[in-house]
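Read off the chains here:
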Amino acid sequence: MATGVKTEARTYQMMINGEQAASASGKTFDVLDPSTEEVIAQVPDANATDVERAVAAAKAAFESGPWGQTTAQDRGRVLFRLAERIRKEASKLAELESRNSGKPIVEAEFDINDVATCFEYYGGLATKVMGHVNPVPDNALSLSLREPVGVAGQIIPWNYPLLMAAWKLAPALAAGCTCVLKPAEQTPLTALEMANWFEEVGLPPGAVNIITGFGETAGAPLVQHPDVNKVAFTGSAAVGKMILKSAADTIKRVTLELGGKSPNIFFADADFEAAIDGALFGVFINQGEVCSAGSRILVERKIYPKFVDAMTEKAKRIRLGPPLERETKMGPLVSKEQYERVTSYQDLGKKEAKLAIGGGRAKAFKKGFYVEPTIFYDVDNRARIAREEIFGPVAAVIPFDNEPDALRIANDSPYGLAAAVWSRDIYKALRMVKALRAGVVWVNHMQPTYVEAPWGGYKQSGFGRELGPWGIEEYLETKQVHINLNEQPIGWY
Ligand code: NAI
Ligand code: MG
C-alpha cells in the first residue's frame, strides 16, 4: 500500500508496567501519514501474549501496587499534572495528531486542548466520589461505598485519537481503576507520546498500559481476558456487537459508543444563513469522520430547493489541503480502508439519489486519501446512504413536509447517538427535543461537546455515558455495607 520512506520513520514502543516494551513476537507494523501515504512510524504489533503482560501489570497495580493505594487527592493531582504536561506540549501533540490522522491542524489544536481539559475535569472529580447512608429500618448503619471496578480494557478509534484516550483514561484513573488502552492501529502515536510523561507526572507502573495492535489480534484478547473487569469501546457497531457477545463469557461491564446516522433537522423558520453553516459544519467537520456527524440533513420542503442550492454553493468553498496548513478545512481520510469505504458509498449514492456536489476522489491530490465533500439530495430515508454510517464527508439531504414528518424520518434509524433541530419557534424545537430518540440533542447548533455534559447513544448507538459525573459512574461499583448496632444475638434459633 505505502511506498514510504521507512528510513525516516520513528520506532515507538508500547507502555507496559511503566516500561517501554516491544511486542513479544518482535513484530511491528507501519503507521502512515494519510496525506502523503508515507510511513511515519513503526509500532509494536501486539498479540495475546502482550495483552497478557499488560493485563497482569494492570491487575497487580490495582490489587497490590501503588495506584490501588493512592488517595483520591493524589489521583487528582496526577491527573492535573498530566493535563499540565499536555498543555505544555500542546503544539507538538497537535502536529503529531494532525500528521497521523489527517485532521486539519487547527482542529487538532482544539482536540489537544480538550484532552487537557478532560484530565483536569476528572482530576477535580476524583475527590467528589461519595457514597451514601441508606435509611434502613433496623438499629444499624447501612452504607453504600463506591469502589473502582478494577482493570479497565479500553479500545478506541482513530477519528479523535488522543481525545478518545482521554475520555477513557481520565474517568477510569479518577475512579481508581487501572487501564489497558488499545489505540486504533491507524493512529497510536499521540497516546504513545503521552505515555512518556506518565512517570514524571506520578503515574506508577501498571496504572496505564498502552498496547498497539490490530482489533482481532490485540483488541479481541483484551475483551476476552478474565482479569479485565470492564471494557469501554468506541468504534463501529459491527465490532461493538462482537465485543458485547465476547464480554458475556466473563460477565464484563461494557460501555459502547458506536456512532450513528444523526439527523440535522432544519425547519423553514430557522435563521437561513446559520442553518446552511450548521448543516455543513455538522457533516463535514473532521472530514465527516465523526460519530455524531449530522449526515442526514432533513429540510422542510418550503425551503428545500433554496437550501440545497445554498449548501452546494458554500460547500464549493471548503478548502481541502495538507493537514498541517492552517488554512486547510478538510484533510484526507485516515486510511486507505476508509478511503475505499467512503468512495464506495459515493458510488452507491449516485445510484440511490441525486448528486449536488462532489462524489469521488479529490483529484487535485496525487497522493493521500482525499475525497471530495459530497452532497446527495432527494435521498429516501430508506436508502443505504441514509441508513448506514459512512464516516466521511458525505451528506444525505432529505426533504420533509411538517413537524410529525420530520420526527418520523429522524427517528426511523437503527441508531440514536445525536440529533439537532434548527428553528426559531421554541415550542416546536422543544417538542422535537422531547420526541427525538437520541442521546445528545442540539438546538440551533450541532457538534459542540463539553466534558461537563453526558455523551452516549440510544438504540444501536450503544449504551453507557461518557463525560461529566456519568463518565466516572461507569468505572465504579457499589458496595453495600451493613453495620449492626444492636449488641443482642440475632435470636432466631
Ligand atoms: P473498528 O470498530 O473496526 O475499530 C475501532 C477500534 O476497535 C480499533 O481500535 C480496532 O483495532 C478495534 N477492533 C476492531 N476489531 C476488533 C475486535 N474484533 N475486537 C476488539 N477490538 C477490535 O472501526 P474501523 O474498521 O476503523 O472503521 C469502520 C467503521 O466504523 C467506520 O467507517 C465508521 O462507520 C465506524 N467507526 C465509528 C467510530 C465512532 O466514533 N463511533 C469510530 C471509528 C469507526
Ligand atoms: Mg474494523
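Preceding this section is the structure that the text describes.
On a predicted model such as this, the values are computed, not experimentally measured, just so you know.

Undergrad: Let's hear about the side chain of Glu466: which residues, and what values?
TA: Tracing the backbone through its elements, the reader meets Glu466 in the loop between strand 22 (462-463) and helix 17 (468-473). With relative accessibility at 11%, the residue Glu466 sits in the buried group. Here Lys168 takes part through its side chain, which lies 2.7 Å from a polar atom of the side chain of Glu466.

Undergrad: Hey, could you go over the environment of Pro399 for me, with residue numbers and the actual values?
TA: Within the secondary structure, Pro399 sits in strand 17 (residues 394-400). Its relative accessible area of 14% is what places Pro399 among the buried residues. Along the primary structure Pro399 and Phe266 are separated by 133 residues, whereas in three dimensions their C-alpha atoms are 9.6 Å apart. Excluding residues that lie within four positions of it along the chain, Pro399 makes contacts with Val299, Arg301, Tyr304, Val379 and Ile409.

Undergrad: A description of empty space enclosed by the protein should follow, citing residues and the corresponding values.
TA: A full pass over the atoms with the stated rule returns four cavities of 30 Å³ or more. Of the voids in this model, the largest cavity is the one considered here, and its volume is about 110 Å³. Lining the largest cavity are 18 residues, with Lys168, Thr255, Arg465, Glu466 and Glu474 sitting closest to its centre. When residues of the lining of the largest cavity are traced back to their parent elements, those giving at least two are helix 6 (161-175), strand 11 (230-234) and strand 12 (253-257). Of the residues assigned to the lining of the largest cavity, the class counts are nine nonpolar, four polar and five charged.

Undergrad: Now, about the sheet that holds strand 15 (residues 354-357): what can you tell me, with residues and values included?
TA: Spatially, 15-16-17-14-13-19-20 is the arrangement adopted by the seven strands of the open sheet, whose pairing is mixed. Both edges of this open sheet fall to strand 15 and strand 20 (440-443), since each of them pairs with a single strand only. Shown here is a sheet whose adjacent strand axes are inclined to one another by a mean of 20 degrees, direction ignored. The sheet contact formed by strand 13 (residues 263-266) and strand 14 (residues 296-300) spans four bridges and is parallel. Note that in strand 14 the partner of Pro263 across the bridge is Arg296. Its contacts with the sheet put helix 13 (residues 336-352) on strand 15, strand 16 (374-377) and strand 17, and the angle it makes with strand 16 is roughly 30 degrees.

Undergrad: Which residues make up the nonpolar core, and what values go with them?
TA: Counting 106 residues, the largest nonpolar core has Ile86, Phe119, Tyr122, Ile297 and Phe307 as its most contacted members. By residue number, the principal contributor to this core is helix 6, which donates 12 residues. When residues no more than four places from it in sequence are discounted, the contact partners of Phe307 are Phe266, Phe272, Ala275, Ile276, Ala279, Ile297 and Val299. Counting residues in each nonpolar core, the second largest holds 33 residues, with Tyr339, Val342, Ala353 and Ala419 among its members.

Undergrad: An account of the site of ligand 1 is requested, with residue identities and associated values reported.
TA: Lining the immediate surroundings of ligand 1 are 29 residues, of which Trp158, Lys182, Glu185, Ser236 and Glu389 lie closest. Contact distances for ligand 1 include 3.1 Å between a nitrogen atom and a backbone N or O atom of Gly259. Its free accessible area being 800 Å², ligand 1 has 92% of it covered by the protein chains. Those elements that place two or more of their residues in the shell around ligand 1 are helix 9 (215-224), strand 11, helix 10 (237-248) and helix 13. When its residues are assigned to classes, the shell around ligand 1 shows 14 nonpolar, nine polar and six charged.

Undergrad: How would you sum up the sheet that holds strand 23 (residues 476-484)? Please name residues and give values.
TA: With respect to topology, three strands assemble into an open sheet ordered 6-7-23, the strand pairing being antiparallel. Each edge of the sheet is formed by a strand with only one pairing partner; in this case those strands are strand 6 (132-134) and strand 23. Here the strands of the sheet are splayed against their neighbours by 30 degrees on average, with no regard to which way each runs. One ladder, built from nine bridges, connects strand 7 (residues 140-148) with strand 23; its direction is antiparallel. Across the sheet, residue Ser144 finds its bridge partner in strand 23, namely Gln480.

Analysis parameters
Residues numbered from 1 in each chain as written. Chains lettered and ligands numbered in written order. Predicted model: local features only at pLDDT ≥ 70, side-chain atom pairs only at ≥ 80, totals over all residues. Heavy atoms only, no water. Helix = DSSP H or I, 4+ residues; strand = E, 2+ residues; numbered from the N terminus. Buried < 20%, exposed > 50% of the residue type's maximum accessible area, 1.4 Å probe, protein only. Polar contact = N/O pair within 3.5 Å; in protein donor to acceptor, adjacent residues only side chain to side chain. Contact = heavy atoms within 4.5 Å. 1 Å grid on protein atoms, 1.4 Å probe; cavity = no way out; pocket = protein on both sides within 12 Å on 5 of 7 lines; lining within 4 Å. Points joined across faces, edges and corners; volume = space filled by probe spheres on them. Nonpolar A, V, L, I, M, F, W, Y, C, P; charged D, E, K, R; others polar. Pairing = 2+ DSSP bridges. Axes fitted to C-alpha atoms, helices over the stretch in contact; angles between N-to-C directions. Core = buried A, V, L, I, M, F, W, Y, C linked by side-chain atoms within 4.5 Å. Near = heavy atom within 4 Å. Areas by Shrake-Rupley, 256 points an atom, 1.4 Å probe, with all protein chains shown as cover.

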